[in-house]
Each structure stands twice: as structure tokens, then as C-alpha cells.
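# Per-entry structural report
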Amino acid sequence: QVRLVESGGGSVQPGGSLRLSCAASGSIFGVYTMGWYRQAPGRQREFVASIVSSGTTNYADSVKGRFTISRDNAEKTVYLQMNSLKPEDTAVYYCRVVVILNIYWGQGTQVTVPS
């Protein structure tokens, strides 16, 4: 079993920054992908960014150049540095970890950027 604990959400003015963290524990080892998704009210959950064990990253077009994903393999933690935040970034952000064919989700953390 894998447990994911997220932190770092909050409310920030447009143009501000936040850093999300997601710490994994449990049966997680080897090659695995860590990432972030988000879900705004009334919308489907969408991909934000991902990073594999080797460090290769992938981003949604809407966050490229503003968000940076990174990971600490020793601590089994993934981070999402969010800069130049916009009101449309408002959502619940979920950590996602894929271990072999198993997918695990965090409980979500709210990010609010008022317009």
C-alpha cells in the first residue's frame, strides 16, 4: 500500500507563487512516475505535470514556463513550484504516483488565486 500526503496549498494573489509537496510512504520502490493533476469546480480532473525516476519531465501547455516539477528520490517526495499564478490555476491539486501498473492518489490540496 502507498500513502501520499500533500501540503503547500493556499491562497495567493495573481502573479504570486506557491510550492506544493507530496510525500510518499509504503510499498514504493524502483522506477515510478510522480505527478500532479488538478480539478477546478465543475471541470474534469486534468494533467498538470509529471516526472519519472530518471528526471524527465512533462507539462501541460497551460503551465509550461510557470510551473516546475521536481522530485527527491531518497525522500520519495515530489514538488510543484508554481510561479506567476493566475486565477485559472484555482483548483484542488492532487498528487499521483504510478508504481508498475498501480495508481495512487493523494487527498488533494486547495490552491486559490482570486481574480
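Now for a look at the structure at hand. Each chain has its residues counted from 1, following the order in which its sequence is written. Thresholds applied to this predicted model are a pLDDT of at least 70 for local features of residues and 80 or more for the giving and counting of side-chain atom pairs; totals over whole chains, interfaces and linings are not thresholded and use all residues. Working from all heavy atoms in the structure, the side-chain values ignore hydrogens and water.

### Description of the pairing of strand 7 (residues 67–72)
- Each residue is assigned to one of three classes by its accessible area relative to the maximum for its type, calculated with a 1.4 Å probe on protein chains only: buried under 20%, partly exposed between the two thresholds, exposed over 50%. Only runs of H or I of at least four residues qualify as helices and only runs of E of at least two qualify as strands under DSSP, and these elements are numbered from the N terminus. The two faces of strand 7 differ: Phe67, Ile69 and Arg71 on one face are buried, but Thr68, Ser70 and Asp72 on the other face are not.
- In this analysis, strands are considered paired if DSSP registers two or more bridges between them. As judged from the 6 bridges shared by strand 7 and strand 8 (residues 77–82), these two strands associate in the antiparallel manner. Across the sheet, Ile69 pairs through a bridge with Leu80, a residue of strand 8.
- Counting the residues between successive antiparallel strands, the hairpin from strand 7 to strand 8 contains 4 residues, one of them, Lys76, with a positive phi of roughly 55°.

### Comments concerning the pattern of salt bridges
- A side-chain nitrogen of Lys or Arg and a carboxyl oxygen of Asp or Glu constitute a salt bridge if their distance falls within 4 Å. Counted under the stated rule, the structure contains 4 salt bridges.
- In this structure, Asp89 engages Arg66 in a salt bridge whose closest nitrogen and oxygen atoms are separated by 2.7 Å. Residue Asp89 is found in the loop between strand 8 and strand 9 (91–99), and its partner Arg66 is found in the loop between strand 6 (57–59) and strand 7; the two are separated by 23 residues along the sequence.
- Among the residues examined, Asp89 registers a relative accessible area of 1% and is labelled buried.
- Exposure remark for Arg66: the relative accessible area of 10% places this residue in the buried category.
- The network of salt bridges with common partners includes Arg38, Glu46, Arg66 and Asp89.

### As for the side chain of Thr109
- When you line up the elements, Thr109 lands in strand 11 (residues 109–112).
- Here Gly9 takes part through its backbone nitrogen, which lies 3.3 Å from a polar atom of the side chain of Thr109. Between N or O atoms, a polar contact is any pair within 3.5 Å; within protein, one atom must be a potential hydrogen donor and the other a potential acceptor, and residues adjacent in sequence are included only when both atoms are from side chains.

### As for the environment of Glu6
- Considering the arrangement of structural elements, one finds Glu6 in strand 1 (residues 2–7).
- A sequence separation of 18 residues divides Glu6 from Ala24, and the C-alpha atoms of the two residues are 9.0 Å apart.
- A polar side-chain atom of Glu6 sits 2.5 Å from the main-chain amide nitrogen of Cys95.
- Within the structure, the side chain of Glu6 is placed 2.4 Å from the backbone nitrogen of Gly108, a separation counted as a polar contact.

### A few points about the sheet that holds strand 8
- The sheet built from 4 strands is open, its strands ordered 1-3-8-7 with antiparallel pairing. Both outer strands of the open sheet, strand 1 and strand 7, are each paired with one neighbouring strand and no more. Taken pair by pair, the neighbouring strands of this sheet meet at an average axis angle of 15°, ignoring direction. Every angle, taken between N-to-C directions, lies between 0 and 180 degrees, and every axis is a line fitted to C-alpha atoms, over only the stretch in contact when it is a helix.

### Things to note about the packing of aromatic side chains
- Here is the rule: rings of Phe, Tyr and Trp (six-membered ring for Trp) pair when centre to centre is within 6.5 Å. Planes less than 30 degrees apart are stacked, more than 60 are edge-to-face, and the remainder are tilted. Under the defined criterion, the tally for this structure stands at 3 aromatic pairs.
- When the centroid spacing of 5.6 Å and the interplanar angle of 75° are considered together, the rings of Tyr37 and Phe47 count as edge-to-face. Of this pair, Tyr37 sits in strand 4 (residues 32–39) while Phe47 sits in strand 5 (residues 46–51); the two residues are 10 residues apart in sequence, bridging distant segments of the chain.
- The class for Tyr37 is buried, based on a relative accessible area of 18%.
- Look at Phe47 and you get partly exposed, because its relative accessible area is 26%.
- Here a set of aromatic residues connected by ring pairs shows up, and it is made of Tyr37, Phe47, Tyr94 and Trp105.
- Criterion for a charge above a ring: Lys NZ or Arg CZ within 6 Å of the ring centre, and within 35 degrees of the ring normal. Directly above the ring of Trp105 sits Arg45, whose terminal nitrogen or CZ lies 4.6 Å from the centroid.

The quantities given are spatial measurements derived from coordinates; they are silent on function.
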